[in-house]
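Coordinates in review
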Amino acid sequence: MAADSLDVAALALARRRAMLDADDGKLPQAEAELGRIADALAAVDTTIGRRLLAETLTERALVRQIANRHADALADLDRAVEIGSRMPPLVRRTVEFNALARRAKLRARSGTGIADLDAAARDVEQARTLVGIDWLLDELDCSIAKERGDWAR
């Protein structure tokens, strides 16, 4: 394996460890480590490097959301969607889908200061154009309808 491949593999493992820290409630440590990993991956100009960067940003967004840092979480998801949109088709389907679904869920939550049901609905529609998990999108549609008071939907 080339040195770059080893570095990327080490960063992927570090990302998993950071998410275990988040699971243990160590949110500041997890966020800092995910930030370090994202910075390192930003310099890796390969498909796998960009994929890991988008996935890292999506996971850091979750950590930030749990810590009630919604605007920061949204910024991470915006960047992950943008990176995912430039990926080869097979990779794009999962990377962009995951970021769009998480962003829709974040935008659909009232009381966050960034809630935007119309933008959340657009995220769901965009995610539907990718191969993904239909039941998750249906659930997000229902969450948006509930927030709108559209009980018939």
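To keep things clear, this report deals only with the structure shown in the data block. All values reported here derive from a predicted model rather than from experimental measurement. (Residues numbered from 1 in each chain as written. Predicted model: local features only at pLDDT ≥ 70, side-chain atom pairs only at ≥ 80, totals over all residues. Heavy atoms only, no water.)

**A look at the pattern of salt bridges**
Filter applied, for reference: Basic side-chain nitrogens of Lys or Arg form a salt bridge, by our definition, when they fall within 4 Å of a carboxyl oxygen of Asp or Glu. Only runs of H or I of at least four residues qualify as helices and only runs of E of at least two qualify as strands under DSSP, and these elements are numbered from the N terminus. Burial classes follow relative accessibility: with a 1.4 Å probe on protein chains only, a residue under 20% of its type's maximum area counts as buried, one over 50% as exposed, and anything between as partly exposed.
Applying the stated criterion across every chain, the model contains 20 salt bridges. The partner of glutamate 59 in a salt bridge is arginine 15, with the nearest N and O atoms 2.7 Å apart. Of the two residues, glutamate 59 is situated in helix H3 (residues 47-66) and arginine 15 in helix H1 (residues 3-23); the sequence distance between them amounts to 44 residues. Accessibility expressed as a relative area gives 22% for glutamate 59, which makes it partly exposed. Aspartate 72 serves as the salt-bridge partner of arginine 69, at 2.4 Å between the closest nitrogen and oxygen.

**A closer look at the side chain of arginine 60**
Our working definition: Contacts are residue-level and defined by heavy atoms, with any inter-residue pair within 4.5 Å sufficient.
Inspection of the secondary structure assignment puts arginine 60 in helix H3. Leave out the neighbours within four places in its chain, and arginine 60 touches Glu31, Leu34, Gly35 and Asp76.

**Let's talk about helix H7 (residues 134-148)**
As a reminder of what qualifies: Here the expected span of a helix is defined as 1.5 Å times the quantity of residues minus one.
Taking 1.5 Å of rise per residue, 15 residues should cover 21 Å, and H7 covers 21 Å from first to last C-alpha, within 8% of that figure. Structurally, H7 contributes buried residues whose contacts are with helix H5 (89-107) and helix H6 (117-128). Remark: glycine 149 follows H7 within two positions and exhibits a positive phi of approximately 80°.

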